[in-house]
Amino acid sequence: AGDVVEWMDWCGLPKAVFIGHSMGGKVVMNLAASKGGRERVAGLIVLDIAPVEYRSNDGTSWELINGIIDACASLPLDEVASKKEAENWFKHPSRIPDINLRSFVMTNL
């Protein structure tokens, strides 16, 4: 949320209406609830967020998220020419072996 306030300052925006989708929804809700952020929110629309709380000390959730980020960051773009090739690369047990999670990641590729 602090990054959003910094960006607003940089753009010269005193207030804004926010639409947050998924993790972005959590970010804008955090902004609206935070000191220094709530007076910057003129309106808030939150779409499609998971009904879970993310805590920095919750190792299993963060391990999964970090694993996805690491897999996406290490995708060899110079070797992968199609979404199908990327999906096959992600199938490796050390990357994103779960079909449901991999399918979700592929929708954002």
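This section reports on the structure supplied with the text.

1. Thoughts on helix H4 (residues 83-90)
- For H4, the set of buried residues is Ala 86, Glu 87, Trp 89 and Phe 90. The buried side chains of H4 occupy one side of the element, clustering within an arc of 160° when seen end-on.

2. What about the pairing of strand S2 (residues 41-47)?
- Where strand S1 (residues 16-21) lies against S2, 6 bridges are found, and the strand directions are parallel. Across the sheet, residue Phe 18 finds its bridge partner in S2, namely Leu 44.
- Chirality of the crossover, the property in question, places the unit of S1, helix H2 (residues 23-33) and S2 among those that are right-handed.

3. Examining the pattern of salt bridges
- One pass over the full model with this rule turns up 2 salt bridges.
- For Asp 9, the salt bridge goes to Arg 40, with nearest N and O atoms at 2.9 Å. Of the two residues, Asp 9 sits in helix H1 (residues 2-11) while Arg 40 sits in the loop between H2 and S2, which places them 31 residues apart along the sequence.

4. Some points on a nonpolar patch on the surface
- Taken together, the side chains of Trp 7, Trp 10 and Leu 13 make up a nonpolar region of the molecular surface, amounting to roughly 400 Å² of accessible area.
- Examined against the element boundaries, Trp 10 turns out to sit in helix H1.
- Take Trp 10: its relative accessible area is 73%, and that puts it in the exposed class.

5. Observations regarding the nonpolar core
- By size, the foremost hydrophobic cluster in this structure holds 10 residues: Ile 68, Ala 71, Leu 75, Val 80, Ala 86, Trp 89, Phe 90, Ile 96, Val 105 and Met 106.
- Secondary structure elements with two or more residues in this core: helix H3 (59-73), H4 and helix H5 (99-107).
- For this core, the leading source of residues is H4, giving 3 residues.
- Leave out the neighbours within four places in its chain, and Val 80 touches Leu 75, Glu 85 and Ala 86.
- Judged by nonpolar contacts, the second largest core, of 7 residues, contains Val 5, Met 8, Ala 16 and Val 28.

Conventions we followed
- Residues numbered from 1 in each chain as written.
- Predicted model: local features only at pLDDT ≥ 70, side-chain atom pairs only at ≥ 80, totals over all residues.
- Heavy atoms only, no water.
- Buried < 20%, exposed > 50% of the residue type's maximum accessible area, 1.4 Å probe, protein only.
- Helix = DSSP H or I, 4+ residues; strand = E, 2+ residues; numbered from the N terminus.
- Arc of directions from axis to C-beta.
- Pairing = 2+ DSSP bridges.
- Right-handed = clockwise from strand over helix to strand, strands pointing away.
- Salt bridge = Lys/Arg side-chain N within 4 Å of Asp/Glu carboxyl O.
- Patch = residues over 30% accessible without salt bridge, like charges linked within 9 Å, V, L, I, M, F, W, Y side chains within 5 Å.
- Areas by Shrake-Rupley, 256 points an atom, 1.4 Å probe, with all protein chains shown as cover.
- Core = buried A, V, L, I, M, F, W, Y, C linked by side-chain atoms within 4.5 Å.
- Contact = heavy atoms within 4.5 Å.

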